[in-house]
Amino acid sequence: MSGEEEENAAELKIGDEFLKAKCLMNCEVALILEHKYEQLQQMSDDAGNHVSQVFEKSQQYVKRFSRYKNPDAVRQVREILSRYQLAEFELCVLGNLCPETVEEAIAMVPSIKTKGRAHDDEAIEKMLNDLSLIKKFE
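Counting of residues starts from 1 at the beginning of each chain's written sequence and follows it residue by residue. Restriction of local features to residues with pLDDT of at least 70 applies here, the model being predicted, together with a cutoff of 80 or more for giving and counting side-chain atom pairs; totals for whole chains, interfaces and linings are based on all residues. To get the side-chain values, take all heavy atoms of the structure and skip hydrogens and water.

Note the threshold: UniProt positions are given in the numbering used here, feature names are shortened, and annotations may be inferred rather than shown by experiment.
An unreviewed UniProt entry annotates the protein as RNA polymerase Rpb4/RPC9 core domain-containing protein originating from Carya illinoinensis. Among the UniProt annotations of the protein, the heading Subcellular location (unreviewed entry) holds the following wording: "Nucleus". The record in UniProt for the protein states the following under Sequence similarities (unreviewed entry): "Belongs to the eukaryotic RPB4 RNA polymerase subunit family."

Take a look at the structure:
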């Protein structure tokens, strides 16, 4: 991103490094940390002694704020959101915050309504309905 251009997430001007970065939803991080914790338990009788306070607090945070708990549901959320050609950070914001209405989704991620993108209100509504079905049947 050139030095003259100001970053603006609402317009998807977030810098090349961030646009290319792989972002994870809280529920994905929770699964990764849970897997790591299980590995530590298998390696030692007392896994609690091998886990740092930062690890514990991070795990508590993502568990608390994860909207999806089931690994299959987590995978389905990413698959559904990936169909809409969202930027990684847009996908994660929507997956983490789970807006219920089109207006909420646009308020949280204004860039999904940017000119030249194929996200009309109907497409956003369908995406939100698909996500709510996953949550309902989880």
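**So, the packing of helix H2 (residues 26-43) against helix H3 (residues 53-65)**
What counts, and what does not: Only the contacting stretch of a helix is used when fitting its axis, a line to C-alpha atoms as for every element, and angles between N-to-C directions run 0 to 180 degrees. In DSSP terms, a helix is any run of H or I states spanning at least four residues, a strand is any run of E spanning at least two, and both are numbered starting from the N terminus. For classification, angles of less than 35 degrees are called roughly parallel, those exceeding 145 degrees roughly antiparallel, those between 65 and 115 degrees roughly perpendicular, and all remaining angles oblique. Crossing handedness is read from the near helix: turned anticlockwise from the far helix by less than a right angle, it gives a left-handed crossing, and turned clockwise, a right-handed one. Here a residue-residue contact requires only that any non-hydrogen atoms of the pair lie within 4.5 Å. Throughout, the ten residues Ala, Val, Leu, Ile, Met, Phe, Trp, Tyr, Cys and Pro are labelled nonpolar, Asp, Glu, Lys and Arg are labelled charged, and all others, Gly among them, are labelled polar.
One way to put it is that H2 packs onto H3 with a least axis distance of 8 Å and a crossing angle of 135 degrees. It follows that H2 is oblique to H3 by the angle criterion. In the crossing of H2 with H3, the sense of the turn from one axis to the other is left-handed. Across the interface between the two elements, Asn26, Val29, Ala30, Leu33, Glu34, Lys36 and Tyr37 of H2 pack against Phe55, Ser58, Gln59, Tyr61, Val62, Lys63 and Phe65 of H3. Residues that form the contact of H2 with H3 fall into these classes: eight nonpolar, three polar and three charged.

**A short note on the environment of Phe65**
Checked against the element boundaries, Phe65 lands in helix H3. Between the C-alpha atom of Phe65 and that of Cys27, which follows or precedes it by 38 residues, the distance is 7.9 Å. Those residues in contact with Phe65 that sit more than four places away from it in its chain are Asn26 and Asn96.

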